[in-house]
Amino acid sequence: MQIKRGLIRDKKAIEIIYPSLIFIILNLIFISMLFVFVMRSPGHAVAYEQIYAKKIALLIDRAKPGMEISLDVGEAQEIAEKNKINSENILEIKNNKVFVSLAEGGAYSFNYFSEYDVDYSVEDNFLKLKINEKQND
Amino acid sequence: MIKNFFKNKKAGEKLLSIWWLIVLALVAVAVVAGVLIYYGAELNTKKIEAKILHERIYGCLVEQGVIRQDFIEEKNNFNIFSKCGLSQKILDSENFYFKIVLSSDEESFENIEVKKGKTSIEADCDVSEGVVAKHYAKCLKRNYVVSDFSKKNKFKLFILTASNQQGTKISDSEYNYIWG
């Protein structure tokens, strides 16, 4: 072996390094593909739709008239943004139902059993809920 | 160099080994299955809902150990939905059930029993207790001792609440319709 030529020019070194390097790169590509699949899986948004819809419905049921509740929805907004959903359209509270939509393909709906009028707005990253007694029509 | 690489037996062993491909395929299948199972799982909030409903009913009927007088006077005509701020449309449905029994040791007192929602859920409560029963309702039942406003008469109050609510995924068109 001629040390003067260096490692790159060393035929034996090339024979050992390149196959191993390619093997490692292919494995890294494979792992990256799996990682991307996990992070961009459509189920990711569906799971969060369910979490937020249930969380908001339970918060409403647990509340008493006159209460004001703030809920951090920053994560939901991020997911919606990634899925090109307008952040104004991610949430709807109507007819005792909470609807959350974070991706194309509809929304997740969950009922709350309290007969309240719920005013809501999204300010910055927070959902503001105001619980009021139901006004008879 | 490339010529050397393909002729290299060690490289071929690593890259083209059928066993390595099988390992990669197994890992991929496991990850995909794991992701689908995790994201597809239903988040079960039935127990929490049953507890919240229980607390709402108890909080509405009893204040500091004293039962509402109108509940005793109006008996079965007592409108629990309007007086306790509960939605009849939602609770008097397939997914919920609650039962309230007010009884006394005094013979002259006629028991008050209120049952709302899907009555068959009550039988499911016993089945789902202590076992994993995914599609069964989750229940909460408790006995209390309460008194009337004079605090002379004692009553036994039994409250059972149950929820079997599962959320629903609605389509884009349905969601757009809701948005109007």
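Preceding this section is the structure that the text describes.
Nothing here was measured: the structure is a model prediction, and the numbers come from that model.

Asker: So what exactly am I meant to see when it comes to the overall build of chain B here?
Answerer: A count of helical and extended segments in chain B gives nine helices and seven strands. A globule of 180 residues ought to have a C-alpha radius of gyration of about 16 Å, yet chain B, at 29 Å, is considerably larger. Buried residues in chain B amount to 38% of all 180 residues. Residue pairs at least 24 apart in sequence account for 59% of intrachain contacts in chain B once pairs closer than 6 positions are excluded. Carbon and sulfur atoms form 57% of the exposed surface of chain B, whose accessible area is close to 11200 Å². Averaging the positions of the 26 positive and the 22 negative side-chain charges in chain B gives two centres separated by 14 Å.

Asker: Which parts of the structure should I look at to understand helix H8 (residues 121-128) of chain B?
Answerer: All names here are of chain B. Those residues of H8 lying buried are Ile121, Cys125 and Ser128. Take H8 and look down its axis: the buried residues cluster within an arc of 80°, on one side only. Its buried side turned inward, H8 meets strand E3 (96-103), strand E5 (138-147) and strand E6 (154-163). Just past H8, the residue Gly130 takes up positive phi, approximately 80°.

Asker: Is there a simple way to think about the sheet that holds strand E2 (residues 91-94) of chain A in this case?
Answerer: Strand pairing in a sheet takes place through backbone hydrogen bonds and is either antiparallel or parallel in direction. Read from one edge to the other, the open sheet built from four strands follows the order E2(A)-E3(A)-E4(A)-E7(B), with strand pairing classed as antiparallel. A single partner strand is all that each edge strand has here, and the edge strands are E2 of chain A together with strand E7 (168-170) of chain B. Each strand axis lies, on average, 25° off the axis of its neighbour in the sheet, ignoring direction.

Asker: Looking at this structure, how should I read the interface of chain A and chain B?
Answerer: With 50 residues of chain A at the contact, the number on the chain B side is 43 residues. Across the salt bridge formed by Lys169 of chain B and Glu49 of chain A, the nearest N and O atoms sit 2.5 Å from each other. Linking chain A with chain B are 16 residue pairs in polar contact (both at pLDDT 80 or more). If you list the elements that add at least two residues to the side of chain A that touches chain B, you get helix H1 (11-40), helix H2 (42-62), E2 and strand E4 (107-111) of chain A. The biggest single contributor to the side of chain A that touches chain B is H1 of chain A, with 14 residues. Its residues assigned to classes, the side of chain A that touches chain B comprises 24 nonpolar, 15 polar and eleven charged. Bridging between E4 of chain A and E7 of chain B involves three bridges; their strand directions are antiparallel.

Asker: How should I be thinking about the side chain of Asn132 of chain A in this particular structure?
Answerer: All names here are of chain A. As for its placement among the helices and strands, Asn132 is situated in strand E6 (residues 126-133). Among the polar contacts listed, one links the side chain of Asn132 to the side chain of Asp119, at a separation of 3.0 Å. Within polar-contact distance, the side chain of Asn132 engages the side chain of Lys130 at 3.5 Å. Other than its neighbours up to four places away in sequence, Asn132 contacts Pro65, Tyr116, Asp117 and Asp119.

Asker: I'm lost on the sheet that holds strand E1 (residues 68-72) of chain A in this one. Help?
Answerer: Residues and elements named next belong to chain A. Within the open sheet, the three strands sit side by side as E1-E6-E5. Their pairing is antiparallel. At either end of the open sheet lies a strand with only one pairing partner, and these are E1 and strand E5 (116-123). Direction aside, the axes of adjacent strands within the sheet are offset by 20° on average. With eight bridges joining them, E5 and E6 adopt antiparallel strand pairing. Paired with Val118 across the bridge in E6 is Ile131.

Asker: What am I meant to see in the layout of surface pockets here?
Answerer: Here the idea is plain: a probe the size of a water molecule rolls over the atoms and shows the empty space left. When its volume is computed, the largest pocket comes out at roughly 530 Å³. Forming the boundary of the largest pocket are 23 residues, of which Pro65 and Tyr116 of chain A together with Arg56, Cys84 and Gly85 of chain B lie nearest the centre. Those elements that provide at least two residues to the lining of the largest pocket are H2 of chain A together with helix H4 (46-61) and helix H6 (80-84) of chain B. A total of five residues in the lining of the largest pocket trace back to one element, the largest contributor, which is H4 of chain B. Looking at the lining of the largest pocket residue by residue, the class counts come to eight nonpolar, five polar and ten charged. Taken as a whole, the second largest pocket spans an internal volume of roughly 180 Å³.

About the cut-offs
- Residues numbered from 1 in each chain as written.
- Chains lettered and ligands numbered in written order.
- Predicted model: local features only at pLDDT ≥ 70, side-chain atom pairs only at ≥ 80, totals over all residues.
- Heavy atoms only, no water.
- Helix = DSSP H or I, 4+ residues; strand = E, 2+ residues; numbered from the N terminus.
- Rg over C-alpha atoms; globule rule 2.2 N^0.38 Å.
- Buried < 20%, exposed > 50% of the residue type's maximum accessible area, 1.4 Å probe, protein only.
- Contact = heavy atoms within 4.5 Å.
- Areas by Shrake-Rupley, 256 points an atom, 1.4 Å probe, with all protein chains shown as cover.
- Lys, Arg positive; Asp, Glu negative; His and termini not counted.
- Charge placed at Lys NZ, Arg CZ, Asp CG, Glu CD.
- Arc of directions from axis to C-beta.
- Pairing = 2+ DSSP bridges.
- Axes fitted to C-alpha atoms, helices over the stretch in contact; angles between N-to-C directions.
- Salt bridge = Lys/Arg side-chain N within 4 Å of Asp/Glu carboxyl O.
- Polar contact = N/O pair within 3.5 Å; in protein donor to acceptor, adjacent residues only side chain to side chain.
- Nonpolar A, V, L, I, M, F, W, Y, C, P; charged D, E, K, R; others polar.
- 1 Å grid on protein atoms, 1.4 Å probe; cavity = no way out; pocket = protein on both sides within 12 Å on 5 of 7 lines; lining within 4 Å.
- Points joined across faces, edges and corners; volume = space filled by probe spheres on them.

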